[in-house]
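Structure assessment
Residue strings, one per chain:
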Number of protein chains: 2
Amino acid sequence: MKTGYLGPRATFTDLAVREMFPEYESVAYTTIPDCIDAVVNDEIDIAVVPLENALEGSVNITLDYLIHEVDLPIRGELSAPIRQHLMVHPNQLDNWKEIKTIISHTHAIAQCHKFLHQELKGVRAEGYTSTAGAAQYVAEHSDEPIGAIANELAAKEYGLVIAKYDIHDFDFNHTRFIFLSKQALNLPIKPNYVGYKTTLMVTLPADHSGALHQVLSAFAWRKLNLIKIESRPTKTGLGNYFFIVDLDTALDDVLIPGAIAEIEALDCHVKILGSYPYYQLKK
Amino acid sequence: MKTGYLGPRATFTDLAVREMFPEYESVAYTTIPDCIDAVVNDEIDIAVVPLENALEGSVNITLDYLIHEVDLPIRGELSAPIRQHLMVHPNQLDNWKEIKTIISHTHAIAQCHKFLHQELKGVRAEGYTSTAGAAQYVAEHSDEPIGAIANELAAKEYGLVIAKYDIHDFDFNHTRFIFLSKQALNLPIKPNYVGYKTTLMVTLPADHSGALHQVLSAFAWRKLNLIKIESRPTKTGLGNYFFIVDLDTALDDVLIPGAIAEIEALDCHVKILGSYPYYQLKK
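Every chain is numbered on its own, with residues counted from 1 as its sequence reads. Chains and ligands are labelled by the order in which they are written, letters from A for the one and numbers from 1 for the other. Two thresholds apply to this predicted model, a pLDDT of at least 70 for residue-level local features and 80 or more for giving and counting side-chain atom pairs, whereas whole-chain, interface and lining totals are computed over all residues. Note that the side-chain values use all heavy atoms of the structure and ignore hydrogens as well as water.

- You'll find chain A entered in an unreviewed UniProt entry as Prephenate dehydratase, with Niallia oryzisoli given as the organism.
- UniProt positions are given in the numbering used here, feature names are shortened, and annotations may be inferred rather than shown by experiment. Looking at the Catalytic activity (unreviewed entry) heading of the UniProt record, one finds this comment for chain A: "prephenate + H(+) = 3-phenylpyruvate + CO2 + H2O".
- You can read under Pathway (unreviewed entry) in the UniProt record for chain A the words "Amino-acid biosynthesis; L-phenylalanine biosynthesis; phenylpyruvate from prephenate: step 1/1."

Here you go:
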């Protein structure tokens, strides 16, 4: 088996791959569509891409591509905390408080706003393509007074040392990574296994008051619990929305099909994006 | 009056500023929190930041910062289409089909996936900090066979020529930009004015089946139309969610306060993030 992920090496997506599929060969891709296409074209077996709250990708790109371009089910999910560290070249470790510039993805810089403001006031923060790329740049410029914000894997990968751990402002910042593949995955019941989830896409017939309320009634009276709901514009025009709904249970033979039948009777369209186990990394 | 935006110059956010506040001085900031802080600290009067579907920023960062860090109301919104163009240095225009590398923000590259795949197969696509930054790089390397993907303003700003217009895959990709300021803004009724919107944040007391359904009932029976709903995890732990709800009407004295009172009686917490006019650019 071969996995693909949103690269470069040592991104947060790469971390997810190493956690879930340590035994497989993995390939880095530049964009989410490239990575998903590689599964469609049988270059790889599993694509691991961020779905939500991502540093390196966008929920919109992943969802749009899944909905409009390809027909690949979601086979599993890992939710992982985003931990940001300040790292420097070993040469600079003793004087890390004197660094002049910090580079990272602008989202990572934004996530460490308070730390930078309070601890490194006046230090220039500069955007870079990715957190991993920033770490690589710092490694290749050992004599410059610069640091990178990235994850622990990037420090290892590029031979940097962490001057300050956990400099992100919020502790509960997680990213959801999903696994897409043609065939069912035999995912293990690991310690970080949480449960099963079913993700549906519901398109409303018209943007009228109460339509969503009716749809949710079909879940509510069956005690099907929604753990996430998000509205997104369809690509056919402004003002038309569809909804992505996550139910906290596996697809069964009675309740979810019954809810879907009822929702379709309201002239909505329903597509099952996947019913899959999900995992949660605690640290 | 002075505006601040998510820079550098000629980003999509800068485009929004020039559309809505052409007469004001404007300042570019590196991150969304920096830009919002500048309003809090009275360096600028209005912050313009992406709220949704953004290339250069993240809805999460903007929302998190608005909800947890500052208390600034949303005063207005512009929804603008994301049009991506392929641009090269004038020296390269005649041979643009022979370019070897295209640089841009990775999200922009992903948004032009089909075009790149079909029209420029084999050309290397490389990530850059921002679309505007990529355009600047191309301008400064006039002899290299490279192109950038960016907006029209970036082409003008950095003296590039557009080799191919509208290379993005989806036509209905819009970004919402919001205006934050301490004082009320006297926004004009422009041709692209659409209407009023009220944005609420609703925190549920516990993640139980049907809670959201009850909340939506309070809007539904008053015929308050939801144009957007999104669930987001709170920062206090996993499994606790709040909802961001957009109603397609201005805050009134009866209906919305009545719905809020009812929702609060269900032990939910409601915060009004703003009631504001919104504008939509068509092209």
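Describing the nonpolar core
- Residues belong to a common nonpolar core when they are buried Ala, Val, Leu, Ile, Met, Phe, Trp, Tyr or Cys residues joined through side-chain atoms within 4.5 Å. Only protein chains enter the accessibility calculation, which uses a 1.4 Å probe; a residue is then buried when its area is under 20% of its type maximum, exposed when over 50%, and partly exposed in between. If you look at the biggest cluster of nonpolar residues, it comprises 42 residues, and the most contacted ones within it are Phe219(A), Ile229(A), Phe219(B) and Ile229(B).
- Residues are treated as being in contact if the distance between any of their heavy atoms lies within 4.5 Å. With residues up to four places along the chain from it excluded, the contact list for Phe219(A) reads Leu200(A), Leu224(A), Leu226(A), Val245(A), Leu247(A), Ala259(A) and Ile263(A).

Comments concerning the domain arrangement of chain A
- We note that the domain assignment places domain 1 (2-81 + 173-181), domain 2 (85-164) and domain 3 (194-280) within chain A.
- Domain segmentation is taken from an automatic or database assignment of domains. One C-alpha centre belongs to domain 2 of chain A, the other to domain 3 of chain A; they are set 42 Å apart.

Brief notes about the sheet that holds strand E6 (residues 101-104) of chain A
Residue and element names in this part refer to chain A.
- Here, a strand pair is defined by DSSP locating no fewer than two bridges between the strands. To qualify as a helix, a DSSP run of H or I must reach at least 4 residues; to qualify as a strand, a run of E must reach at least 2; elements of each kind are numbered from the N terminus. Read from one edge of the open sheet, 5 strands run E7-E6-E8-E5-E9, paired in mixed fashion. One side of each edge strand has no neighbouring strand; the edge strands of this open sheet are strand E7 (124-127) and strand E9 (161-164). With direction set aside, neighbouring strand axes in the sheet form an average angle of 35 degrees.
- Two strands pair when backbone bridges link them, and E6 and E7 are joined in this way by 4 bridges, in the parallel orientation. Within E7, the residue paired with isoleucine 102 across the bridge is alanine 125.
- In this fold helix H6 (residues 131-140) packs onto strand E5 (85-88), E6 and strand E8 (146-150), with an angle of close to 155 degrees to the strand it touches most, E8. All axes are obtained by fitting lines to C-alpha atoms, using only the stretch in contact for helices, and the reported angles, taken between N-to-C directions, cover 0 to 180 degrees.

Points about the packing of aromatic side chains
- Aromatic pairing here means that ring centres of Phe, Tyr or Trp (its six-membered ring) are within 6.5 Å. Orientation follows from the plane angle: under 30 degrees is stacked, over 60 is edge-to-face, and everything else is tilted. Counting across every chain of the model gives 8 aromatic pairs over all chains.
- Look at Tyr128(B) and Tyr137(B): their rings are 5.8 Å apart centre to centre, the planes differ by 55 degrees, and that puts the pair in the tilted class.
- Taking the relative accessible area as the measure of exposure, Tyr128(B) reaches 27% and is therefore partly exposed.
- Taking relative accessible area as the criterion, Tyr137(B) reaches 27% and is therefore assigned partly exposed.
- By way of ring pairs, the aromatic residues Phe21(A), Tyr24(A) and Phe179(A) are connected into one cluster.
- The ring of Tyr278(A) has Lys197(A) lying over it, and the distance from NZ or CZ to the ring centre is 4.4 Å. Note on criteria: charge over ring means Lys NZ or Arg CZ within 6 Å of the ring centre, with the direction from the centre no more than 35 degrees off the ring normal.

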